[in-house]
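# Secondary and tertiary structure notes
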Amino acid sequence: MSRFRPMLAEHGVTEQQWRTLRVLYESGTIEATELAQRACVLPPSLTRIILALEERGLLTRSRHEKDGRRVLLDITAEGRALIAAVTPESAAIYKEMETRFGKAEIERLLDQLEKLVNAL
């Protein structure tokens, strides 16, 4: 993440905020509990992240129609614009990593990490 943090900071987002936005971008409307799990963010941290991103107009929050206790989150057009702005820079960093370490080695590492996460 040391390669990504300065780039994210230039766009005014933290690593956890970025992961949260990426999950929303990829999944669409999602419940807060599932978002926390997918973004690997603890629920208390997600509460602060939601507030910060909502204040910036990057996500919206609504109540579930049938169960008012459930919170639904979605990314806004501004959030999508941020994703579009950051993605090329992020892709360039990943490309540099592939060049330095090899695509096969990175894929092997990601497979191993996924196995570890599933085992836990």
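In this report, the structure presented in the accompanying data block is examined. For every chain, the first residue of its written sequence is number 1, and the numbers climb from 1 along that sequence. Local features in a predicted model are, by the rule used here, given only for residues with pLDDT of at least 70; side-chain atom pairs are given and counted only at 80 or more, and totals for whole chains, interfaces and linings are based on all residues. Side-chain metrics in this entry use all non-hydrogen atoms of the structure; hydrogen atoms and water are not considered.

### Focus: the packing of aromatic side chains
Here a Phe, Tyr or Trp ring, Trp counted by its six-membered ring, pairs with any other such ring whose centre lies within 6.5 Å, and the pair is stacked when the planes are under 30 degrees apart, edge-to-face when over 60, and tilted otherwise. Applying the stated criterion across every chain yields a total of one aromatic pair. A centroid spacing of 4.9 Å and a plane angle of 50° characterise the contact between Phe4 and Tyr94, whose relative ring orientation is tilted. Residue Phe4 is found in the segment before helix 1 (5-10), and its partner Tyr94 is found in helix 5 (residues 77-101); the two are separated by 90 residues along the sequence. Here Phe4 falls in the buried class, since its relative accessible area comes to 10%. The exposure class of Tyr94 is partly exposed, given its relative accessible area of 46%. Think of it this way: any DSSP run of H or I at least four residues long counts as a helix, any run of E at least two long counts as a strand, and we number them from the N terminus. Relative accessibility thresholds used throughout: buried, under 20% of the residue-type maximum; exposed, over 50%; partly exposed, between the two (1.4 Å probe, protein chains only).

### Some details on a nonpolar patch on the surface
Side chains of Leu109, Leu110, Leu113, Leu116 and Leu120 sit close together on the surface and give an oily, nonpolar patch of about 540 Å² of accessible area. By the element assignment, Leu109 lies in helix 6 (residues 103-119). Grouping into patches uses exposed residues only, defined as over 30% relative accessible area, and leaves out salt-bridged ones; the cut-off is 9 Å for like charges and 5 Å for nonpolar side chains (Val, Leu, Ile, Met, Phe, Trp, Tyr). Note on areas: Shrake-Rupley with a 1.4 Å probe; residue coverage comes only from the protein chains shown. The term salt bridge refers to a pairing of a side-chain nitrogen on Lys or Arg with a carboxyl oxygen on Asp or Glu at a separation within 4 Å.

### Overview of the packing of helix 2 (residues 15-27) against helix 5
Their axes nearest at 10 Å, the elements helix 2 and helix 5 cross at an angle of 110°. Between helix 2 and helix 5, the crossing angle belongs to the class labelled roughly perpendicular. Taken as a pair, helix 2 and helix 5 cross one another with a handedness that is left-handed. Mapping the contact onto sequence places Trp18, Leu21, Arg22 and Tyr25 in helix 2 and Arg80, Leu82, Ile83, Val86 and Thr87 in helix 5. In terms of residue class, the contact of helix 2 with helix 5 is made up of six nonpolar, one polar and two charged. Lines fitted to C-alpha atoms define the axes here, with helix axes fitted over just the stretch in contact, and angles between the N-to-C directions of these axes take values from 0 to 180 degrees. For this classification, under 35 degrees means roughly parallel, over 145 means roughly antiparallel, 65 to 115 means roughly perpendicular, and everything else is oblique. Crossings are classed by handedness, with left-handed meaning an anticlockwise turn of the near helix from the far one by less than a right angle and right-handed meaning a clockwise turn. Contacts were defined at the residue level, with two residues in contact if any of their heavy atoms lie within 4.5 Å. Amino acid classes used here: Ala, Val, Leu, Ile, Met, Phe, Trp, Tyr, Cys and Pro are nonpolar; Asp, Glu, Lys and Arg are charged; the rest, including Gly, are polar.

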